Amino acid sequence: MGTTHMFQPEVETMAPEDKHALQSRRLVALLERLQRASSPYWQEKLAAVDVDDIRSIDDIVRLPFTWKDEFRQTYPYGMLAVPRAELVRIHASSGTSGKPTVVGYTARDIAIFAEVNARAIAMAGGTSSDVVHVAYGYGLFTGGLGLHYGVERLGAAAVPASGGNPAFQLGLLADLEADGLACTPSFALLLGERARDEGLLDRLWVRYGILGAEPWSEGMRARIEEVWGGSFQAVDIYGLSEVMGPGVAMESPAAKGALNVFDDHFYPEIVDPETGEPVPDGELGELVLTTLTKEGQPVLRYRTRDLTRFVDEPSPDGRTFRRVARLEGRVDDMLIIRGINVYPREVESVLLDDDAIGGQYGLVVDRRAPLAELRIVAEVVDEALVPQIDAIAERIARALTERVRIRVEVDLRPPGTLPRQEVGKAKRVFEQTGDESPFG
Ligand code: DLL
């Protein structure tokens, strides 16, 4: 796979010492702005910091962390670093509990949001003459509008399809001759499978998928690339609302497996989730991000709860961003099953390494007994495999025992029988408290 076009070659290949100087200047300028902000939140945050001591990006470790909870405590505007009148957009994400997380952007923030997404789309293989179909949700979620502005900034044409209605979306993808598709990996798989089942694939020319907003394994990538066929490249995009939205980090098809963190704007650290101390380079830990250039609602050392590790070999495509491995899941995704820690993405890896299993699956945490039990519900890929379902289930159960060290029940179903989710992030973990299983 060759090198993709760079949207901002001067930034994307910047020498490490120049990057270090840029990051240091930006951190100092950010702290100056935050000190001037007439905000109790920022005064308190910086109270214990001697800001004059922070001269280089290496001093960032002296700054306090920021936690998700602070967004709730200061809801809705307490974390702004500018007067509310300077905002031009507000996004929000509905949490599982309590108040939504609200994030405000100034005009300059929106320009940078567009710029990093244009960078990401170009990295995936996009050009200014492309049509890019955006099937992330439009609305309060940052996915739709974030990618949309990126497509326009690149000079390509955005199709604001949003989520849902796969049959209609496939018709549009074919008729408008889309070059790129931006959506969740689970929706990309769903669209690809529908296209195949309806004999539409030979009318589709999509070259790249910009897929993120939920964890997905290499097995999932293999399924998506296989069903779309040809030269389709499924690449990973990462981001989070608290920091900006999509476009915080992006994978290049020339160097799959690691994401380029756009560290001229978002400075990454990786810490031990328990102690907050930096982990040795290359070890798994929690990603911590600082917004170096954001005006409206910056964050200092935000604890993302996302797990990854630094990948420090130079990227073969010449980009010099700090890279991190594809996300392994979240600290709080971890299930504890009979004393063993289990991450849903690990289970996905085991499932999808087996060619007999399709991309649709769920983890059911059965809480009827005092000790939770885990049941995996999945589909076989092909009707022809249905007679062997029991043997396949046994094979999967053995692989899970070997690789994830858990003994679980595996419930396999015929293809196409599990419910498909057509909007939003794929829900993979379900709780069962009564006798009714979430999958019937
Ligand atoms: O999901 C922003 C986004 C939109 C990213 C479109 C990529 C594409 P939130 O709703 O705030 O924002 O959710 C952020 O989703 O902390 C991760 O746990 C997870 N996540 C996002 N991208 C990835 C990815 C958007 N590529 C949370 N791989 C993050 C794994 C991801 N997890």
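Nothing here was measured: the structure is a model prediction, and the numbers come from that model. (Residues numbered from 1 in each chain as written. Predicted model: local features only at pLDDT ≥ 70, side-chain atom pairs only at ≥ 80, totals over all residues. Heavy atoms only, no water.)

**A word on the side chain of D179**
This is how the line gets drawn: Numbering of helices and strands runs from the N terminus; a helix is a DSSP stretch of H or I covering at least four residues, while a strand is a stretch of E covering at least two. Here a polar contact is recorded for every N or O atom pair within 3.5 Å, except that within protein the pair must consist of a potential hydrogen donor and a potential acceptor, and residues adjacent in sequence are included only if both atoms are side-chain atoms. Contacts are assigned to residue pairs that have any heavy atoms within 4.5 Å of one another.
Mapped onto the elements of the fold, D179 is located in the loop between α7 (166-175) and β5 (180-183). Polar side-chain contacts of D179 include one of 2.8 Å to the backbone nitrogen of V131. Contacts of D179, omitting those with residues within four sequence positions, involve S129, D130, V131, W205, V206, R207 and Y208.

**Here's the deal with the packing of aromatic side chains**
The test is simple: Classification of ring pairs rests on two measures: the distance between centres of Phe, Tyr or Trp rings, Trp counted by its six-membered ring, which must be within 6.5 Å, and the angle between planes, read as stacked under 30 degrees, edge-to-face over 60 and tilted in between. To sort residues, take the accessible area from a 1.4 Å probe on protein chains only and compare it with the maximum for the residue type: under 20% means buried, over 50% means exposed, and anything in between is partly exposed. Whether a charge lies above a ring is judged from NZ of Lys or CZ of Arg, which has to be within 6 Å of the ring centre and within 35 degrees of the ring normal.
Under the defined criterion, the tally for this structure stands at seven aromatic pairs. Here the aromatic rings of Y41 and W42 are separated by 4.9 Å at their centres, their planes lie at 85°, and the arrangement is edge-to-face. Each member of the pair, Y41 as well as W42, carries the same accessibility label: buried. Ring centres of Y105 and F113 lie 5.6 Å apart, and the angle between their planes is 10°; this geometry places the pair in the stacked category. You can call Y105 buried: its relative accessible area is 0%. Across from the ring centre of F262, 4.9 Å away, lies the NZ or CZ of R119, which sits over that ring. One cation-aromatic arrangement involves R303 over F65; the distance from NZ or CZ to the ring centre is 4.6 Å.

**Focus on the site of the ligand**
Quick reminder of the rule: For this description, a residue counts as near a given molecule or strand if any of its non-hydrogen atoms is within 4 Å of it. Accessible surface is estimated by sampling points in the Shrake-Rupley manner with a 1.4 Å probe; for residues, cover comes only from the protein chains shown. Under the convention adopted here, Pro, Cys and the residues Ala, Val, Leu, Ile, Met, Phe, Trp and Tyr are nonpolar, Asp, Glu, Lys and Arg are charged, and Gly plus all remaining residues are polar.
In the region of the ligand, 19 residues are neighbours, and D236, I237, S241, D306 and K425 sit closest. The separation between an oxygen atom of the ligand and a polar side-chain atom of D306 is 2.6 Å. Taking K425, its side chain carries an N or O atom lying 2.8 Å from an oxygen atom of the ligand. Isolated, the ligand exposes 620 Å² of accessible area, and the fraction of that covered by the protein chains is 92%. When contributions to the shell around the ligand are tallied by element, the ones reaching two or more residues are α6 (142-154) and β7 (233-240). Looking at the shell around the ligand residue by residue, the class counts come to nine nonpolar, five polar and five charged.

**Quick notes on the packing of helix α8 (residues 185-197) against helix α9 (residues 218-228)**
Rules: Between N-to-C directions, angles cover 0 to 180 degrees, with each direction set by a line fitted to C-alpha atoms, over the stretch in contact for helices. The scheme is simple: roughly parallel for angles under 35 degrees, roughly antiparallel for over 145, roughly perpendicular for 65 to 115, oblique for anything else. Crossings are classed by handedness, with left-handed meaning an anticlockwise turn of the near helix from the far one by less than a right angle and right-handed meaning a clockwise turn.
Relative to each other, α8 and α9 sit at 30°, their axes nearing to 9 Å. By the angle between their directions, the pair α8 and α9 is classed as roughly parallel. Of the two elements, α8 crosses α9, and the hand of that crossing is left-handed. Between α8, through P185, S186, A188, L189, L191, G192, E193 and R196, and α9, the contact on the second element is made entirely by M220, R223, I224, V227 and W228. Of the residues that constitute the contact of α8 with α9, the class distribution is eight nonpolar, two polar and three charged.

**Here we look at the side chain of R223**
In this fold, R223 is placed in helix α9. Not counting residues up to four positions away in its chain, the partners in contact with R223 are L189, L352, D354, D355, I357, G358, G359 and V381.

**As for the sheet that holds strand β19 (residues 409-413)**
In plain terms, the rule: Two strands make a pair as long as DSSP finds a minimum of two bridges between them.
Taken in spatial order, the four strands of this open sheet run β19-β18-β17-β20, and their pairing is mixed. Each edge of the open sheet is held by one strand with a lone partner, namely β19 and β20 (429-432). On average, each strand axis in the sheet is inclined to that of its neighbour by 25°, with strand direction left out of account.

**A closer look at the pattern of salt bridges**
Quick reminder of the rule: Between Lys or Arg on one side and Asp or Glu on the other, a salt bridge is scored when a side-chain nitrogen of the former is within 4 Å of a carboxyl oxygen of the latter.
Under the criterion given, the structure shown has 39 salt bridges. Where E193 meets R420, a salt bridge forms, and the shortest distance between an N and an O atom there is 3.6 Å. With E193 in helix α8 and R420 in the loop between β19 and β20, the pair connects residues that are 227 residues apart, well separated along the chain. Exposure remark for E193: the relative accessible area of 17% places this residue in the buried category. Overlapping salt bridges bring together E218, R221, D236, E251 and R326 as one network.

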